[in-house]
Amino acid sequence: MLMLGDAPPLMRHPLQRLATGCVATLFVADIANLLLEAALMSGAAPGAAFAFLIPVLTQSHFGTTWSCGFVALIAWAALLLGSWDGRRPARTSVALFAAAVFAFSKTASSHAADAGDFALPEWVHWAHLCATAAWTGLVIASRLCVLPMLREHADGQNLARFVERLSAAATLAVAVVLMSGIYNADRGLGGSLVPLMCSDWGRILAAKLVLVAVAIVLGGVNRLVYLPRVRHGAPSSAAHAFLTILRVEAVAMVGVLSAAAVLAHTAPGAHLGI
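Residues numbered from 1 in each chain as written. Predicted model: local features only at pLDDT ≥ 70, side-chain atom pairs only at ≥ 80, totals over all residues. Heavy atoms only, no water.

Asks: Even after reading the chapter, I still don't get the overall build of the protein, so can you show me in this structure?
Replies: What the protein contains, in helices and strands, is nine helices and zero strands. Along the chain direction, N to C, the helices and strands of the protein fall in the order α-α-α-α-α-α-α-α-α. Looking at the protein as a whole, 41% of its 274 residues qualify as buried. For the protein, the exposed area adds up to about 14,000 Å²; of that, 71% sits on carbon and sulfur atoms. (Helix = DSSP H or I, 4+ residues; strand = E, 2+ residues; numbered from the N terminus. Buried < 20%, exposed > 50% of the residue type's maximum accessible area, 1.4 Å probe, protein only. Areas by Shrake-Rupley, 256 points an atom, 1.4 Å probe, with all protein chains shown as cover.)

Structure follows, in structure tokens:
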């Protein structure tokens, strides 16, 4: 949304509704995560987890990190929905800081926290989480909503400008994902490739790596082949091809996110003594 400060007025209200829906979904997902973790910690059924919420929130490390993250989420949502057009840079910066705190709260309750609070693995995993969210968010939101609206309401110059920004931002995010991902994978595998095929965590990681590779190849084709054509005002067939490849990349990114979610709740291969 920060890349759409010059979006046509007809696009602003639909984008605002999209942002509101995404934030509402994130609130629901975060509360559901709290309930599921409370059920897991207490051994109770999810429906009976409400009785254990106060002890979980006040007497566990997860509860502390979740509470900090939820406060940051509230601040992020309030600031983001009021400054999405980028015309208030100070307010937008605070919103991004709140988003970073929310992301770090998730890192602090993951396997990366095994090394201790604010240790290097937490910071590397935080960078990985933020970069992955940026990459997948850019690809999925652009393909499903932003680019179709730009093709309908904006001229070719605005479309080309956004596509160029999209490609540059995604490339930067991919670089961070790869660097931090190598560190995380090496730590999770315990410095050995044996757990990659001999543990559930390793096999899920392998599937995630295949999907990441597919997404990178597709993004590279768009950046090297179709982006120059769109930038120089090529026929609409170039934009259509760009969107088609972006659709396939978005499907791959959904798979990446699904694999990452499963990995987060699976014991790393290094912990299994393989």
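Asks: Can you walk me through a nonpolar patch on the surface in this structure?
Replies: Residues Val217, Val221, Leu224 and Val225 make up a contiguous nonpolar surface patch of about 340 Å² in total accessible area. With respect to the helices and strands, the residue Val225 is situated in helix α8 (residues 200-231). (Patch = residues over 30% accessible without salt bridge, like charges linked within 9 Å, V, L, I, M, F, W, Y side chains within 5 Å. Salt bridge = Lys/Arg side-chain N within 4 Å of Asp/Glu carboxyl O.)

Asks: Help me understand α8, please; the structure alone is not making it clear to me.
Replies: Each full turn of the α-helix corresponds to 3.6 residues, which orients residues three or four apart in the same direction. A rise of 1.5 Å per residue sets the reference length of α8, with its 32 residues, at 46 Å; its end C-alpha atoms lie 44 Å apart and thus fit the reference within 8%. Bending of α8 peaks at approximately 35° at the position of Val225, with proline Pro228 no more than four residues after it. Every buried residue of α8 is accounted for by Trp201, Gly202, Leu205, Ala206, Lys208, Val212, Ala215, Leu218, Asn222, Tyr226, Leu227 and Val230. (Expected span 1.5 Å × (residues − 1). Bend = angle between axes of the 7 residues up to and from the residue.)

Asks: Would you explain the pattern of salt bridges in this entry?
Replies: A side chain with one charge can pair with a side chain of the opposite charge if their charged atoms come near. On inspection of all chains with the given rule, the structure shows two salt bridges. Between Lys106 and Asp30 there is a salt bridge, with its nearest N and O atoms 2.5 Å apart. One end of the pair, Lys106, is in helix α4 (residues 89-107); the other, Asp30, is in helix α1 (residues 9-42), and 76 residues separate them in sequence. The partner of Asp200 in a salt bridge is Arg203, and the shortest N-O contact between them spans 2.9 Å. Placement of the pair is Asp200 and Arg203 together in helix α8, with a separation of three residues, close to one helical turn.

Asks: Before we go on, may I ask you to explain the packing of aromatic side chains in this structure?
Replies: The relation between two aromatic rings is expressed through the spacing of the ring centres and the mutual angle of the planes. Scanning the model with the defined rule gives seven aromatic pairs in all. Geometrically, the ring pair formed by Trp76 and Phe102 is tilted, given 6.1 Å between the ring centres and 40° between the ring planes. Placement of Trp76 in helix α3 (residues 61-83) and of Phe102 in helix α4 is noted, with a sequence separation of 26 residues between them. What makes Phe102 buried here is its relative accessible area of 9%. Joined through ring pairs, the aromatic side chains of Phe104, Phe118, Trp123 and Trp126 make up one cluster. (Phe/Tyr/Trp six-rings, centres within 6.5 Å; stacked < 30°, edge-to-face > 60°.)

Asks: In this structure, what is going on with the packing of α8 against helix α9 (residues 236-264)? I would like to understand it.
Replies: When two helices pack together, their arrangement is captured by the angle between the axes and the distance separating the axes. As a packed pair, α8 and α9 sit with axes 9 Å apart at the nearest point and diverge in direction by 160°. Compared by their axis directions, α8 and α9 come out roughly antiparallel. You can see that α8 and α9 cross each other, and the crossing is left-handed. For the contact of α8 with α9, the residue count by class is 26 nonpolar, three polar and three charged. (Axes fitted to C-alpha atoms, helices over the stretch in contact; angles between N-to-C directions. Parallel < 35°, antiparallel > 145°, perpendicular 65-115°, else oblique. Left-handed = near helix turned anticlockwise from the far one by under 90°. Nonpolar A, V, L, I, M, F, W, Y, C, P; charged D, E, K, R; others polar.)

Asks: Got a minute to help me understand the packing of helix α5 (residues 120-153) against α9 in this structure?
Replies: Contact pair α5 / α9: the axes reach a minimum separation of 9 Å and the direction vectors enclose 145°. For α5 against α9, the interelement crossing comes out left-handed. Of the residues in α9, those touching α5 at Thr132, Trp135, Thr136, Val139, Ile140, Ser142, Arg143, Leu147 and Arg151 are Ser236, Ala239, His240, Phe242, Leu243, Leu246, Arg247, Glu249, Ala250, Met253, Val254 and Leu257. Considering only residue class, the contact of α5 with α9 consists of twelve nonpolar, five polar and four charged. (Contact = heavy atoms within 4.5 Å.)

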